[in-house]
Amino acid sequence: MAISTSIKALIAGEQVAGSKISNKLLEELLTEGLLLVSSRGSRKSYRARNIETLKRFLIDKDECYRVLEIETSDSRASMAIKTGNSKLVAVRSCPGFPVNSYEPIECLLSGKQFLVNPQEGSFIFVSEWEKFTMPEDVVVIGIENMENFRMIRRQRAFFEEYLQKHGFTKKVLFVSRYPQSTDLRRWLSTISNHYIHFGDFDLAGVNIYLTEFQCYIDNQRSSYLIPDDIEFRLKSGSRQRYDEQLRQYKEIKSNNCELQQLIDLIHNERKAYDQEGYISCNNVQT
């Protein structure tokens, strides 16, 4: 049995939405008093009351959870030395996330100066993300789609106009959660910089922000990037994708006025629009 992502997150001390945990297991963990409950409207999320106690309960419940006894900090090299088998348990050999910028950003990595200034056609991967920091006046923009992330220079005028209009500094660091992991989210929850989420303009994209980012970051320092022309662009969006997403995401709401207006607009137009539409082929800046 593979350990589910939700259980791994609980063991890592993270908060997990109730919908991510199987009903049967959730009921058992609550009955045993192993989880702390946090409510936001009708939604509930959970966190381990005591990680070691939770781990012991799972191991006693099912032998398959014994992989939890192996320290997750063990690298493949150390497991090979100890056991002769580096694949005894799944360990991510490359934790972290990529960062990008279209101008030099002076950061710190392990307390030492680290200049983020990738050449066009490249970006940087930060593996020791726990030791990665930057000046407080740098705005962090998280980009869901890798094509947009790679082509930030083609969107420079778009980003600069948006930041200026909303009173942000022009210093901006772009990040992506590729490969899919919680590393980026965990890093964002430890820094004080403002975070702007740039995703698709559809119900699923908004839901990703609400459930995987906003609820882990202080509401005062996170926002969703909503372009001025999104109403016009939605008119040429995809009706099919809106219909496909409606059943699963029709009830999503936000306590942020601007984001709720976007949700209402998506419903009114009954369309979905991809963020790739903001990549301008005629605006390549180096």
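Here goes a summary of the coordinates provided. Here the residue numbering is sequential within each chain, running from 1 through the sequence in written order. Local features in this predicted model are restricted to residues whose pLDDT is 70 or higher, and side-chain atom pairs enter the listing and the counts only when it is 80 or higher, whereas totals over whole chains, interfaces and linings include all residues. Calculation of side-chain values draws on the structure's entire complement of heavy atoms; hydrogens and water are dropped beforehand.

Another aspect to go through is the pairing of strand β9 (residues 139-143). Among the five residues that make up β9, five are buried, leaving the element largely enclosed by the rest of the structure. Each residue gets one of three labels from its accessible area relative to the maximum for its type: buried under 20%, exposed over 50%, partly exposed in between, using a 1.4 Å probe on protein chains only. Strands are runs of DSSP state E lasting at least 2 residues, helices are runs of H or I lasting at least 4, and numbering of each runs from the N terminus. The alternating pattern of β9 places Val139, Ile141 and Ile143 and Val140 and Gly142 on opposite faces, both of which are buried. The sheet contact formed by β9 and strand β10 (residues 172-175) spans four bridges and is parallel. Bridging from a neighbouring strand, Val140 pairs with Leu173 of β10. Note: two strands are recorded as paired if DSSP finds a minimum of 2 bridges between them.

Here the focus is the side chain of Gln214. Within the fold, Gln214 resides in the loop between α8 (203-212) and β12 (222-224). Should any heavy atoms of two residues lie within 4.5 Å, those residues are counted as being in contact. Apart from residues lying up to four places away in sequence, Gln214 is in contact with Arg40, Tyr209, Asn219 and Ser222.

With that settled, the discussion passes to the sheet that holds strand β4 (residues 97-100). The strands making up a sheet are joined through hydrogen bonds of the backbone, oriented either antiparallel or parallel. Read from one edge to the other, the open sheet built from six strands follows the order β7-β4-β10-β9-β11-β12, with strand pairing classed as mixed. Taken across any chain shown, the strands that pair with only one partner, and hence form the sheet edges, are β7 (124-126) and β12. On average, each strand axis in the sheet is inclined to that of its neighbour by 30°, with strand direction left out of account. As paired elements, β4 and β10 share two bridges and run antiparallel to each other. By the bridge assignment for β10, Asn100 is matched with Phe174. All axes are obtained by fitting lines to C-alpha atoms, using only the stretch in contact for helices, and the reported angles, taken between N-to-C directions, cover 0 to 180 degrees. Those strands touched by α8 are β11 (195-198) and β12, and its axis lies near 175° from that of β12.

In this section: the environment of Val172. Among the secondary structure elements, Val172 is positioned in strand β10. With 23 residues separating them in the primary sequence, Val172 and Tyr195 have C-alpha atoms 9.9 Å apart. When sequence neighbours within four positions are dropped, the list of residues in contact with Val172 reads Ser101, Tyr102, Ile105, Val138, Val139, Ile141 and Leu163.

We now examine helix α6 (residues 156-165). What α6 keeps buried is the set Arg156, Phe158, Phe159, Glu160, Tyr162 and Leu163. Elements that come into contact with the buried residues of α6 comprise β9, β10, β11 and β12. After α6 finishes, the residue Gly167 shows a positive phi value of roughly 75°.

Another aspect to go through is the pattern of salt bridges. Here, a salt bridge means any Lys or Arg side-chain nitrogen found within 4 Å of an Asp or Glu carboxyl oxygen. Scanning the model with the defined rule gives 16 salt bridges in all. The partner of Glu14 in a salt bridge is Arg186, and the shortest N-O contact between them spans 3.4 Å. One end of the pair, Glu14, is in the loop between α1 (5-11) and β1 (16-17); the other, Arg186, is in helix α7 (residues 183-188), with 172 residues separating them in the sequence. When its relative accessible area of 8% is taken as the criterion, Glu14 is described as buried. Its relative accessible area of 30% is what places Arg186 among the partly exposed residues. Between Arg177 and Glu212 there is a salt bridge, with the nearest N and O atoms lying 2.3 Å from each other. Here Arg177 is found in the loop between β10 and α7, whereas its partner Glu212 is found in helix α8, with 35 residues between them in sequence. When its relative accessible area of 10% is taken as the criterion, Arg177 is described as buried. One network of salt bridges, in which partners are shared, links Glu14, Asp183, Arg185 and Arg186.

Right, let's talk about the packing of aromatic side chains for a bit. Each Phe, Tyr or Trp ring (for Trp, its six-membered ring) is paired with any other whose centre lies within 6.5 Å, and the angle between the two planes then decides the class: stacked below 30 degrees, edge-to-face above 60, tilted in between. The tally for this structure, following the rule as stated, stands at 17 aromatic pairs. Note on Phe97 and Trp187: the rings are 5.2 Å apart at their centroids and 45° apart in plane angle, and the pair reads as tilted. Taken together, the residues span a long stretch of sequence, with Phe97 in strand β4 and Trp187 in helix α7 at a distance of 90 residues. By the burial criterion, Phe97 is buried, and Trp187 matches it. Taking the centre distance of 6.3 Å and the plane angle of 55° together, the rings of Phe198 and Phe201 count as tilted. The pair formed by Phe198 and Phe201 is uniform in burial state, with each residue classed as buried. Ring-pair connections join several aromatic residues into one group, and the members of that group are Tyr102, Phe158, Phe159, Phe174, Phe198, Phe201, Tyr209, Tyr224, Tyr273 and Tyr278. Criterion for a charge above a ring: Lys NZ or Arg CZ within 6 Å of the ring centre, and within 35 degrees of the ring normal. A cation over an aromatic ring shows up here: Arg185 above the ring of Tyr216, its NZ or CZ 3.9 Å from the ring centre. Taking the ring centre of Tyr278 as reference, the NZ or CZ of Arg233 above it sits at 3.9 Å.

Looking at the element boundaries, Gln260 is found in helix α11 (residues 257-269). Along the primary structure Gln260 and Val206 are separated by 54 residues, whereas in three dimensions their C-alpha atoms are 9.7 Å apart. Not counting the four nearest positions on each side in its chain, Gln260 is found in contact with Lys253 and Ser254.

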